[in-house]
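As a plain string of letters, each chain reads:
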Amino acid sequence: SQLKMGGVYRVKPLGVYAMIDDGELDWKVIAINSADPKAAAVNSLEDVEREFPGQLTKILEWFRDYKIPDGKPANAFGYDNKCMDKAFTLKVIEETHGFYNKLKSGKRSNSEELSLI
């Protein structure tokens, strides 16, 4: 089923791509909605491939190419274009959540004027 844009949903993180967008790292977390009928059967990238064959490649290709129609170059990816596993993903989430908390609390200056809403 389609989810609402801007909605907040409980998900199960499964993997992450390290996209390089305009020279900056932009993590792309691959997750499944916890309410999805297949959520109980999907706990790893291998399970994603079994239950949703080819979707990881399609996700990579979409994020790589989505700016090309605007005349921009394809995005690059770290880790040899590999989707990193769940354990790696959870570390990325923990680290980036820590960065967010430091910005939100003022322990790190917000010199980039990032939105913290």
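Residues numbered from 1 in each chain as written. Predicted model: local features only at pLDDT ≥ 70, side-chain atom pairs only at ≥ 80, totals over all residues. Heavy atoms only, no water.

**Comments concerning the nonpolar core**
Among the nonpolar cores identified, the biggest contains 13 residues, and Tyr17, Leu56 and Cys83 are the most heavily contacted of them. Looking at this core, the elements with two or more residues in it are strand S1 (11–21), strand S2 (24–33), helix H1 (45–51) and helix H2 (55–65). Apart from the residues within four sequence positions on either side, Leu56 is in contact with Tyr17, Ile30, Leu45, Val48, Glu49 and Cys83. (Core = buried A, V, L, I, M, F, W, Y, C linked by side-chain atoms within 4.5 Å. Buried < 20%, exposed > 50% of the residue type's maximum accessible area, 1.4 Å probe, protein only. Helix = DSSP H or I, 4+ residues; strand = E, 2+ residues; numbered from the N terminus. Contact = heavy atoms within 4.5 Å.)

**With respect to the side chain of Asn33**
Residue placement: Asn33 occurs in strand S2. Within the structure, Asn33 has its side chain in polar contact with the backbone nitrogen of Ala35 (distance 2.8 Å). When near neighbours in sequence (up to four residues on either side) are disregarded, Asn33 contacts Leu3, Tyr9, Arg10, Val11 and Ala39. (Polar contact = N/O pair within 3.5 Å; in protein donor to acceptor, adjacent residues only side chain to side chain.)

**Thoughts on the pairing of S1**
For a regular strand, side chains alternate in direction, first toward one face of the sheet and then toward the other. Burial within S1 is extensive, with 9 of its 11 residues counted as buried. Here S1 runs beside S2; their pairing, made up of 10 bridges, is antiparallel. Paired with Lys12 across the two strands is Ile32, which belongs to S2. Hairpin connection, S1 to S2: the antiparallel pair is bridged by 2 residues, and Asp22 has positive phi, about 50°. Direction of pairing for S1 relative to strand S3 (residues 76–77): antiparallel, over a ladder of 2 bridges. In the strand pairing of S3, Met19 is matched with Phe77. (Pairing = 2+ DSSP bridges.)

Structural measurements only, silent on function.
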